[in-house]
Amino acid sequence: MSARIIDGKRIAEEVRAEIKEQAAAFFARTGIRPRIVFLLVGENPASMVYVRNKGKSSEEAGFSHETLTFPTTITESELLDVIAKLNADKATHALLCQLPLPKHINEDRILEAIAPEKDIDGFHPMNVGRLLIGRGEYFAPCTPAGIMVMLEREKINASGKHVVVVGRSNIVGKPIAALLAQKAPNANAVVTLAHTGAGKRLTEFTRSADILIAAMGVPHAITADMVSPGAIVIDVGMNSIPDATKKSGSRLTGDVDFDAVKEVASAITPVPGGVGPMTIAMVLRNTLTAAERQVRS
Ligand code: GUN
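Right, let's walk through the structure included here. Keep in mind it's a predicted model, so treat the numbers as computed, not measured. (Residues numbered from 1 in each chain as written. Predicted model: local features only at pLDDT ≥ 70, side-chain atom pairs only at ≥ 80, totals over all residues. Heavy atoms only, no water.)

## Brief notes about the site of the ligand
Leu96, Cys97, Gln98, Leu99, Asp121 and Phe123 make up every residue found near the ligand. Between Cys97 and the ligand, the recorded distance is 2.9 Å, taken from a backbone N or O atom to a nitrogen atom. A distance of 3.3 Å is found between a nitrogen atom of the ligand and a side-chain nitrogen or oxygen belonging to Gln98. When isolated, the ligand has an accessible area of 280 Å², and the protein chains bury 81% of it. When grouped by side-chain class, the residues that make up the shell around the ligand number four nonpolar, one polar and one charged. (Near = heavy atom within 4 Å. Polar contact = N/O pair within 3.5 Å; in protein donor to acceptor, adjacent residues only side chain to side chain. Areas by Shrake-Rupley, 256 points an atom, 1.4 Å probe, with all protein chains shown as cover. Nonpolar A, V, L, I, M, F, W, Y, C, P; charged D, E, K, R; others polar.)

## Brief notes about a nonpolar patch on the surface
A cluster of nonpolar side chains, namely Tyr50, Met238 and Leu252, defines an oily patch on the protein surface of about 230 Å² accessible area. Met238 gets classed as partly exposed once you look at its relative accessible area, which sits at 38%. (Patch = residues over 30% accessible without salt bridge, like charges linked within 9 Å, V, L, I, M, F, W, Y side chains within 5 Å. Salt bridge = Lys/Arg side-chain N within 4 Å of Asp/Glu carboxyl O. Buried < 20%, exposed > 50% of the residue type's maximum accessible area, 1.4 Å probe, protein only.)

## Some remarks on the sheet that holds strand β5 (residues 162-166)
What the six strands build is an open sheet, ordered β1-β11-β8-β7-β5-β6; its pairing is parallel. Bordering the open sheet on either side are β1 (4-5) and β6 (190-194), each of which pairs with just one other strand. Judged from the two bridges that link them, β1 and strand β11 (residues 267-268) form a sheet pairing that is parallel. If you follow Arg4 over to β11, its bridge partner there is Ala267. Sheet contacts for helix α7 (residues 173-181): β5, β6 and β7 (211-214); angle to β6, the most-contacted strand, approximately 170°. (Pairing = 2+ DSSP bridges. Helix = DSSP H or I, 4+ residues; strand = E, 2+ residues; numbered from the N terminus. Contact = heavy atoms within 4.5 Å. Axes fitted to C-alpha atoms, helices over the stretch in contact; angles between N-to-C directions.)

## Some words on the nonpolar core
Grouped together as the largest cluster of nonpolar side chains are 55 residues, with contacts concentrated most on Leu180, Ile213 and Ile234. The contact partners of Leu180, leaving out residues within four places of it in the chain, are Met148, Leu151, Ala158, Val163, Ala187, Asn188, Ala189, Val191 and Ile213. (Core = buried A, V, L, I, M, F, W, Y, C linked by side-chain atoms within 4.5 Å.)

## Quick look at the packing of helix α1 (residues 8-30) against helix α6 (residues 142-153)
Two numbers describe how α1 lies on α6: the axes approach to 11 Å, and their chain directions differ by 100°. On the basis of their axis angle, the class for α1 and α6 is roughly perpendicular. In this structure, α1 contributes Gly8, Ile11, Glu14, Val15 and Glu18 to the contact, and α6 contributes Val149, Met150 and Arg153. In terms of residue class, the contact of α1 with α6 is built from four nonpolar, one polar and three charged. (Parallel < 35°, antiparallel > 145°, perpendicular 65-115°, else oblique.)

## What to know about the packing of aromatic side chains
Enumeration over the complete set of coordinates arrives at zero aromatic pairs. Taking the ring centre of Phe27 as reference, the NZ or CZ of Arg33 above it sits at 3.9 Å. (Phe/Tyr/Trp six-rings, centres within 6.5 Å; stacked < 30°, edge-to-face > 60°. Lys NZ or Arg CZ within 6 Å of the ring centre and 35° of its normal.)

## Some words on the packing of α1 against helix α10 (residues 275-296)
When two helices pack together, their arrangement is given by the angle between their axes and by how far apart the axes lie. Between α1 and α10, the least distance of the axes is 9 Å, while the angle of their chain directions is 20°. As summarised for this structure, α1 and α10 are arranged roughly parallel, according to the angle between their axes. α1 and α10 meet at a crossing whose hand is left-handed. Residue-level contacts link Gly8, Lys9, Ile11, Ala12, Val15, Arg16, Ile19, Gln22, Ala23, Phe26 and Thr30 of α1 to Pro277, Met278, Ala281, Met282, Leu284, Arg285, Leu288, Ala291, Glu292 and Val295 of α10. (Left-handed = near helix turned anticlockwise from the far one by under 90°.)

## Side note on the environment of Ala267
Residue position: Ala267 is located in strand β11. Taking the C-alpha atoms as reference points, Ala267 and Ala3, 264 residues apart in sequence, are found 4.7 Å from one another. Those residues within four positions of Ala267 in sequence are excluded, and the remaining contacts are Ala3, Arg4, Ile6, Ala231, Ile232 and Val233.

## Notes on unusual backbone geometry
In this structure, Pro100 follows Leu99 across a cis peptide bond, with omega equal to 5°. Tracing the backbone shows Pro100 in the loop between β4 (94-97) and α4 (107-113). Phi at Asn188 takes a positive value of approximately 60°, unusual for a residue other than glycine. Mapped onto the elements, Asn188 comes out in the loop between α7 and β6. The class of Asn188 is partly exposed, set by a relative accessible area of 35%. Even without a glycine there, the phi angle at His220 is positive, about 55°. For His220, the location among the structural elements is in the loop between β7 and β8 (232-235).

## Examining the pairing of strand β2 (residues 35-41)
Burial of β2 is extensive: seven of the seven residues sit out of reach of the surface. Neither face of β2 is left uncovered, since the one carrying Arg35, Val37, Leu39 and Val41 and the one carrying Ile36, Phe38 and Leu40 both have all their residues buried. When β2 meets strand β3 (residues 64-70), the two strands line up parallel, connected through seven bridges. Directly across from Val41, in β3, lies its bridge partner Phe70. Crossover handedness for the path β2 to helix α2 (residues 45-60) to β3: right-handed. Strand direction decides the pairing type here: β2 and β4, joined by four bridges, are parallel. Opposite Phe38, over in β4, you have Leu96 as the bridge partner. (Right-handed = clockwise from strand over helix to strand, strands pointing away.)

Printed below as a string of structure tokens:
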């Protein structure tokens, strides 16, 4: 039997419609529109597409937004000056610096310069720390936050389940492992964080998953033999691979061998149309939350 395909695009549209309503109510109450500023350095094609999509979604949600673009020649101290001004600007509630940054700029220094209350990416050590502690006001990074909302809306309760996350990135692997392990109603999972260190034992680990989250950034790395029958498979991969049939010469594909794995799993997210749209919806949700917190205080 073929797996249920989880429609991330549809769930994200629902969430975005709700946020649009909440933003309108916030405006009616305060006369303020949530405002997000995107920082884009250089001309990385994927980054340009991501930022354009995030700007478009912000517009549709009724947010105020602006994208500041800079040449790759911008210095670290110039970029830090831009961030300091935006941190001090009361009208700006959210600040997102698209990664990756050029090699001559220290990414950690930039992320640590963004005020934690405006860091809707959840990359500042204050937000990372609070997420791990599980208390206080923080922002969870958008992709892991989107996976949590997706599980909830699909009525997949991770409590007591064995979740195996493959990939230990700071953007996805580590934070989703922390979120799912939290003592909270829709979390409370037993989590294994697998990575390249597993070597030949990787399949042994992935096969023991009730819920498998693939976030290693390797096209089609999760094959059918690595998945236990009936498991739920969440594919976070966003890999661009050559495809001569496409006008662009490439197409997007996940970390999971979708066609084969869907015959083994009970539910699976596609790429595109799975986790990706949820990430953008969470940029909006976190921005609205940032505005609500800042206007309240
Ligand atoms: N580059 C790849 N993913 C992300 C993300 O979630 N946020 C930012 N700022 N940059 C990224």
